[in-house]
Amino acid sequence: MLEIILIFIIVGTVIAIETRNMLSSVIAVGAVGFGVSLMFLFLQAPDIAITQVIVEILSLIILIRTTTYADNEAIEKRLDTFANMTGLIFLGLFLAFCYWAFSDLTSFGQPLMNVSQYYLSAGLTDTGAANIVAAVILDYRAYDTLGEAIVIFTSILGAFVLLRTKGKKKTEEKDIEKVGIPE
Amino acid sequence: MKKEKIKELIEDPNLGMTLIVKTVARITIALILLYGFYIIIYGHLTPGGGFAGGVILAIAYTLMMLAFSRRIALVKLSDFWASIWDNIGMLAFIVIGFVGLGFGYFLFNFLSKGKPFSLISAGIIPLLNLSIGIKIGAALYAIFIGLSIYGRLVLEEEE
């Protein structure tokens, strides 16, 4: 089952890159996101699957809103044979070394590490939370969550500073000369 | 005053999408908000949590903004108040962490653990989920409304 979803994701990615219409490219990106969330569901991670679906919907809304008003045709494609061939050769080398290196790995989820064994056995009595993911991200690893929240807070602050209209100075001629940006 | 203005804006046929979309959106927005709060409040018992529930809240407000118009979104929850709620959520997380400093260490789980599998259990984890949910919901809504209105407000003022 996992292989079918992986092939679906790869096909969706190729369509998203190769298609000429921007809107169909965006829709293909959305299909890839839903495939990724299905894969998380089959790997038994429902928390991540829910988050992936919802963030995918919100980003898809924003992308569709921007592409419907923008110029819908992609730019003319230029083929660079030397760059493509070099990229393909190095990708082949990478995959060959991957096959050589990953054949020594243990199977998926085996064996459990010491720390995850401790979390699974003592998580309920330590924190009282039935959802072990919530127990890990908000009790054992609460510093990490605080850092993530601060990252989002800072990025929102930066976006508001860039997008704001009040208090923004109008560009004059001397600013353009100073920065050196042509109009 | 505010309610009358919202009613007037909802019934204006020139704003927003068609009547079918408006009627469906009026029902589904409440359900989506309810589901978002469910995901946040039961985050320590079922899959989900603060981040996922917060994004669902943001999606409910985004649906309101797309189905009706961006003017009604500005009356309901303006960009100023969205950023205020964002700050409140972030501040609540850090304040809970500093209260834990008085009992042991930073972000110490100082409340009683309660009975497992009941709604009020797990100490500070539901409170942290709630603060993260409010923060993420307000922040993503603020980003969407900022991308949507800020360039156009200048153009409307110049006209």
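Residues numbered from 1 in each chain as written. Chains lettered and ligands numbered in written order. Predicted model: local features only at pLDDT ≥ 70, side-chain atom pairs only at ≥ 80, totals over all residues. Heavy atoms only, no water.

Chemist: Before we go on, may I ask you to explain the overall build of chain A in this structure?
Modeler: Helix and strand content of chain A: 8 helices and 0 strands. Each helix and strand of chain A, ordered N terminal to C terminal, gives the series α-α-α-α-α-α-α-α. When the accessible area of chain A is evaluated, it comes to approximately 13,600 Å², of which 70% is carbon and sulfur surface. (Helix = DSSP H or I, 4+ residues; strand = E, 2+ residues; numbered from the N terminus. Areas by Shrake-Rupley, 256 points an atom, 1.4 Å probe, with all protein chains shown as cover.)

Chemist: Quick question: what am I supposed to make of the nonpolar core here?
Modeler: For soluble globular proteins, nonpolar side chains are generally found buried alongside one another. One finds M65, F68, A73, Y141 and I145 of chain B to be the most contacted residues of the largest nonpolar core, which totals 26 residues. Those elements that provide at least two residues to this core are α7 (142-163) of chain A together with α1 (2-11), α2 (19-41), α3 (50-67), α4 (70-76) and α6 (125-158) of chain B. Element by element, the count of residues in this core is highest for α6 of chain B, at 8 residues. When sequence neighbours within four positions are dropped, the list of residues in contact with Y141 of chain B reads A58, Y61, M65, A73, L77 and A82 of chain B. (Core = buried A, V, L, I, M, F, W, Y, C linked by side-chain atoms within 4.5 Å. Buried < 20%, exposed > 50% of the residue type's maximum accessible area, 1.4 Å probe, protein only. Contact = heavy atoms within 4.5 Å.)

Chemist: Please clarify how helix α5 (residues 114-127) of chain A should be interpreted in this entry.
Modeler: Because each turn of an α-helix spans 3.6 residues, side chains separated by three or four positions end up pointing in the same direction. Residue and element names in this part refer to chain A. For α5, spanning 14 residues, the distance from its first C-alpha to its last is 19 Å, which sits close to the expected 20 Å at 1.5 Å a residue. Its axis deflected by about 50° at S121, α5 carries its strongest bend there. Within α5 the residues assigned to the buried category are Y119, A122, G123 and T127. Two residues or fewer after α5 comes G128, characterised by a positive phi angle close to 85°. (Expected span 1.5 Å × (residues − 1). Bend = angle between axes of the 7 residues up to and from the residue.)

Chemist: Explain the environment of G128 of chain A to me, please; I cannot follow it from the model alone.
Modeler: Topologically, G128 of chain A is positioned in the loop between α5 and α6 (132-140). The exposure class of G128 of chain A is buried, given its relative accessible area of 2%. Not counting the four nearest positions on each side in its chain, G128 of chain A is found in contact with G123 of chain A together with K113, P116, S121 and A122 of chain B.

Chemist: What am I meant to see in a nonpolar patch on the surface here?
Modeler: Residue and element names in this part refer to chain A. A cluster of nonpolar side chains, M1, L2, I4, L38, L41, F42, L43 and F108, forms an exposed patch at the surface whose accessible area comes to about 810 Å². At the level of secondary structure, the elements contributing two or more residues to the nonpolar patch comprise α1 (2-18) and α2 (22-42). With 3 residues, α2 is the largest single contributor of residues to the nonpolar patch. Its location among the elements puts M1 in the segment before α1. (Patch = residues over 30% accessible without salt bridge, like charges linked within 9 Å, V, L, I, M, F, W, Y side chains within 5 Å. Salt bridge = Lys/Arg side-chain N within 4 Å of Asp/Glu carboxyl O.)

Chemist: Which parts of the structure should I look at to understand the pattern of salt bridges?
Modeler: Oppositely charged side chains may form a pair once their charged atoms are brought near each other. All names here are of chain B. Tallying each qualifying case throughout the model produces 1 salt bridge over all chains. Across the pair K135 and D86 runs a salt bridge whose closest N-O atoms are separated by 2.9 Å. Within this pair, whereas K135 is found in helix α6, its partner D86 is found in helix α5 (residues 79-101), the two being separated by 49 residues in sequence. For K135, a relative accessible area of 2% corresponds to the buried category. Its relative accessible area of 5% is what places D86 among the buried residues.

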